[in-house]
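Residues per chain, in single letters:
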Amino acid sequence: MLKKIQNKLFISEQQPNSDYHEHELLDVQFTNTNLTGSYFNDSQLTDVSFEGADISNTDFTGATFDQVSFKDALLTNTNFHHAEFHHVSFVGATLMNTKFNQAVFRQCTFLNDQGESVDLSSCDFTEADFAFEDMSHIHFGQAKLQNLNGEGTQFTHANLAGANLKNADLLGANLVGADLTDADLTGAFTKNAVFTKENASEAKPTKPTPKKSIKGFIFTMLFIIVIALLIWEFVK
């Protein structure tokens with residue numbers, strides 16, 4: 001059973017090495033608080049703020065997040081393995097050697113982050129919105145990115161090996177130097193996207209999604225009706 005903490009304010013406190021594992025945190029603020037080396041693994045966090053907090057070397061393995069803010073937080077060496085995120089903001093966060101592998105993201109924001117060596121391998125970003133964001137040098141290997149809004153996104157030197165980019169919108173995206181080995185771009189919209197010659201050939205062949213023609217459908221139906229009428233007149 002999860003231990004419940006609700007309606008608490010921890011503002012600019014010193015709480016390094018705290019133990020919040022297997023907790024239910026509801027409407028809690030850790031604004032500008034030092035939580036380095038703490039444990040939140042297997043916890044449920046709803047309406048929680050870590051804005052400006054130092055959460056370096058903290059373990060969130062298996063945690064679930066809903067309406068949580070990591071705005072301007074320091075997330076160096078933080079572990080989010082197998083976590084689940086809903087409506088979570090990482091705006092302006094510092095992501096250094098941060099591990100998100102096998103996490104699930106739904107309607108999350110990563111705008112204006114500072115990142116290096118971020119591991120997002122095997123994550124589920126289905127229908128995510130990365131439009132005009134900088135995802136350079138990030139590890140997306142084997143990630144689910146189908147139906148992604150990647151318009152104008154910077155994927156320079158990102159690892160997209162084996163990623164599922166089916167039906168992704170990559171209008172004007174920059175994929176120079178990205179590793180697209182075995183990436184699946186079936187049905188992806190890549191108009192004005194920039195590739196290097198080498199990585200373009202690494203991706204699985206792209207098959208354009210057939211567009212349904214209304215005129216063609218109407219013509220086919222009229223043709224069937226005419227044939228049916230002729231047959232009817234013949235057999236009368």
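Everything numeric here is computed off the predicted structure, so don't read it as measured data. (Residues numbered from 1 in each chain as written. Predicted model: local features only at pLDDT ≥ 70, side-chain atom pairs only at ≥ 80, totals over all residues. Heavy atoms only, no water.)

**Re the pairing of strand E2 (residues 23-29)**
When a strand is regular, its side chains alternate between the sheet's two faces. Short version of the rule: By definition, two strands form a pair when at least two bridges between them are found by DSSP. Starting at the N terminus, helices and strands are each numbered in turn, a helix being any DSSP run of H or I of at least four residues and a strand any DSSP run of E of at least two.
By the bridge criterion, six bridges tie strand E1 (residues 3-9) to E2 in an arrangement that is parallel. Note that in E2 the partner of lysine 3 across the bridge is histidine 23. Note: E2 against strand E3 (residues 44-49), five bridges, orientation parallel. Bridge pairing in E3 places glutamine 29 opposite serine 49.

**What about the nonpolar core?**
In summary, soluble globular proteins display a tendency toward joint burial of nonpolar side chains. Convention followed: Put simply, a nonpolar core is a bunch of buried Ala, Val, Leu, Ile, Met, Phe, Trp, Tyr and Cys residues held in one set by side-chain atoms that sit within 4.5 Å of each other. Note on classification: 1.4 Å probe, protein chains only; a residue is buried when its accessible area is under 20% of the maximum for its type, exposed when over 50%, partly exposed between these limits.
Residues Phe50, Phe65, Phe70, Phe85, Phe100, Phe105 and Phe140 are the most contacted members of the largest nonpolar core, which totals 59 residues. Broken down by secondary-structure element, the contributors of at least two residues to this core are E2 and E3.

**Details of the sheet that holds strand E5 (residues 84-86)**
We apply this condition: Interaxial angle, 0 to 180 degrees, is taken between N-to-C directions of lines fitted to C-alpha atoms, where a helix line uses only the stretch in contact.
As summarised here, the arrangement of the six strands in space is E1-E2-E3-E4-E5-E7, forming an open sheet in which the pairing is parallel. Strand pairing shows two members of the sheet lacking a second neighbour, E1 and strand E7 (104-106), which therefore form its edges. Between one strand axis and the next, the sheet turns through 15° on average, direction left out of account.

**Points about the pattern of salt bridges**
Applied cut-off: Think of a salt bridge as a Lys or Arg side-chain nitrogen and an Asp or Glu carboxyl oxygen that are within 4 Å of each other.
For the coordinates displayed, the defined rule picks out two salt bridges. A salt bridge links arginine 106 to aspartate 124, with the nearest nitrogen and oxygen atoms 3.1 Å apart. With arginine 106 in strand E7 and aspartate 124 in the loop between strand E8 (114-116) and helix H1 (197-202), this residue pair connects regions lying 18 residues apart in the sequence. Accessibility expressed as a relative area gives 14% for aspartate 124, which makes it buried.

**Some remarks on the side chain of glutamate 133**
Note the threshold: By the convention used here, residues are in contact when the closest approach between their heavy atoms is within 4.5 Å.
With respect to the element layout, glutamate 133 can be found in the loop between E8 and H1. Once residues lying within four places of it in the same chain are set aside, the contact partners of glutamate 133 are Thr109, Phe110, Leu111, Thr153 and Gln154.

**Brief notes about the packing of aromatic side chains**
Any two aromatic rings considered together are summarised by their centre-to-centre distance and by the angle between their planes. Put simply, the test is: Stacked, edge-to-face and tilted labels apply to pairs of Phe, Tyr and Trp rings (six-membered ring for Trp) whose centres lie within 6.5 Å, assigned for plane angles under 30 degrees, over 60, and everything in between, in that order.
Within the structure shown, the criterion is met by 30 aromatic pairs. For the pair tyrosine 20 and phenylalanine 40, a centre-to-centre distance of 5.0 Å together with 15° between the ring planes defines the contact as stacked. Of the two residues, tyrosine 20 is situated in the loop between E1 and E2 and phenylalanine 40 in the loop between E2 and E3; the sequence distance between them amounts to 20 residues. Here tyrosine 20 matches phenylalanine 40 in class, with each residue buried.

**Some remarks on unusual backbone geometry**
With a phi close to 60°, aspartate 42 is a non-glycine residue in the positive phi region. The residue aspartate 42 is located in the loop between E2 and E3 in this model. Despite not being glycine, glutamine 142 has its phi angle at roughly 65°, a positive value. Mapped onto the elements of the fold, glutamine 142 is located in the loop between E8 and H1. Judged by relative accessible area, which is 52%, glutamine 142 ranks as exposed.

**Describing the side chain of serine 56**
With respect to the helices and strands, the residue serine 56 is situated in the loop between E3 and strand E4 (64-66). With residues near it in sequence (within four places) discarded, serine 56 still touches Leu35, Thr36, Gly37, Leu74, Thr76 and Thr78.

**A word on the environment of aspartate 54**
Following the sequence through the fold, aspartate 54 ends up in the loop between E3 and E4. Using a relative accessible area of 25% as the deciding quantity, one classes aspartate 54 as partly exposed. Once the C-alpha coordinates of aspartate 54 and phenylalanine 70 are considered, the two residues, 16 residues apart in sequence, prove to be 9.8 Å apart. Contact partners of aspartate 54, with chain neighbours within four places excluded, come to Thr33, Asn34, Leu35, Thr36 and Leu74.

**Comments concerning the confidence of the model for the chain**
Condition: What pLDDT conveys is the predictor's confidence in a given residue, as a value from 0 to 100.
Per-residue confidence for the chain averages 89 on the pLDDT scale, and 89% of its residues sit at or above 70. Throughout residues 207-212 the model reports pLDDT below 50, and contacts reaching past four residues in sequence, or to other chains, amount to four contacts.

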